[in-house]
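Coordinate analysis (summary)
So you can see what is in the structure, the chains are spelled out below.
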Amino acid sequence: MNAQELCPICGEGHVTDQVQMTETQYKGHKRNLPLHFKLCDSCTSDFAGAQESKQNRRELMAFHKSVDGLLTGAEITDLRKRYKLTQAQAARLFGGGPVAFSKYENDDVAQSESMDTLLRLVRRSAVAFAELVKEKCMEAEFVTEKQIASSGPKLVRVPINRFNGDRTPEIYNPREFRQFARGEVQCKP
Ligand SMILES: [Zn+2]
């Protein structure tokens with residue numbers, strides 16, 4: 001970042017941030033990943049400092065996750081934000097320890113296959129999310145949207161993080177969904 005940063009090797013030149021696409025292989029899959037490093041304008045040394053090494057490790061981990069069929073850090077962030085969860089809440093809900101989600105989302109570590117399965121289940125189904133909230137006795141942290149007209153179909157109440165303000169609740173009706181899947185209900189024009 002800092003163009004005036006002195007080269008730690010020769011102590012005279014200045015280093016600049018460089019990125020070079022580099023082909024990487026994992027389990028027979030090839031991909032070009034950005035390789036971050038610093039380059040000295042005097043002694044022409046190139047090296048990765050702590051920051052570059054961290055970025056490179058994260059790029060590599062994201063690639064490994066995608067080859068292994070695991071959700072990437074960005075996908076986990078999307079899922080967590082969809083349910084308006086803090087990272088701490090996500091850790092209590094799904095497990096993994098207090099800093100687990102920071103590590104998953106930054107691609108510092110890969111989540112286990114069982115964690116990945118649970119995350120995918122919740123990503124697929126707001127009902128699964130609601131059941132998990134109950135299972136972990138975290139209902140007090142969420143508000144649920146009101147039941148609609150008693151004569152109508154029973155609606156599943158989807159928890160919403162009460163600390164995150166206004167949000168239009170998602171309404172998911174499993175019976176209607178099954179009917180739709182069987183072709184008994186048509187999409188409204
Ligand atoms: Zn140098």
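Refer to the structure printed above.
A brief structural summary. (Residues numbered from 1 in each chain as written. Predicted model: local features only at pLDDT ≥ 70, side-chain atom pairs only at ≥ 80, totals over all residues.)

Quick word on the nonpolar core
Counting 17 residues, the largest nonpolar core has Ile76, Ala90, Leu93, Leu119, Phe129 and Val133 as its most contacted members. Apart from the residues lying within four places of it in its own chain, the contact partners of Leu93 are Leu85, Leu132, Val133, Lys136 and Met138. (Core = buried A, V, L, I, M, F, W, Y, C linked by C-beta atoms within 7 Å. Buried ≥ 20, exposed ≤ 12 C-beta atoms within 10 Å, placed from the backbone. Contact = placed C-beta atoms within 7 Å.)

Overview of helix 6 (residues 126–135)
Within the span of helix 6, buried status applies to Phe129, Ala130 and Val133. Each buried residue of helix 6 sits inside an arc of 100 degrees when the element is viewed along its axis, so together they form one side. The outward face of helix 6, more than 90 degrees from its buried face, is lined by the exposed residues Lys134 and Glu135. Remark: Cys137 follows helix 6 within two positions and exhibits a positive phi of approximately 55 degrees. (Helix = DSSP H or I, 4+ residues; strand = E, 2+ residues; numbered from the N terminus. Arc of directions from axis to C-beta.)

Quick look at the environment of Lys38
With respect to the secondary-structure elements, Lys38 resides in strand 2 (residues 29–40). Taking the C-alpha atoms as reference points, Lys38 and Thr16, 22 residues apart in sequence, are found 5.5 Å from one another. Dropping the residues within four chain positions of it, Lys38 is found in contact with Val15, Thr16, Asp17, Gln18, Asp46, Phe47, Gly49 and Glu52.

As for the sheet that holds strand 2
Spatially, 1-2-3 is the arrangement adopted by the three strands of the open sheet, whose pairing is antiparallel. In the strand order of this sheet, the two ends are held by strand 1 (15–26) and strand 3 (46–47), each with one partner. Relative to strand 2, helix 1 (residues 50–67) is tilted by about 175 degrees, and along the sheet it contacts strand 1 and strand 2. (Pairing = 2+ DSSP bridges. Axes fitted to C-alpha atoms, helices over the stretch in contact; angles between N-to-C directions.)

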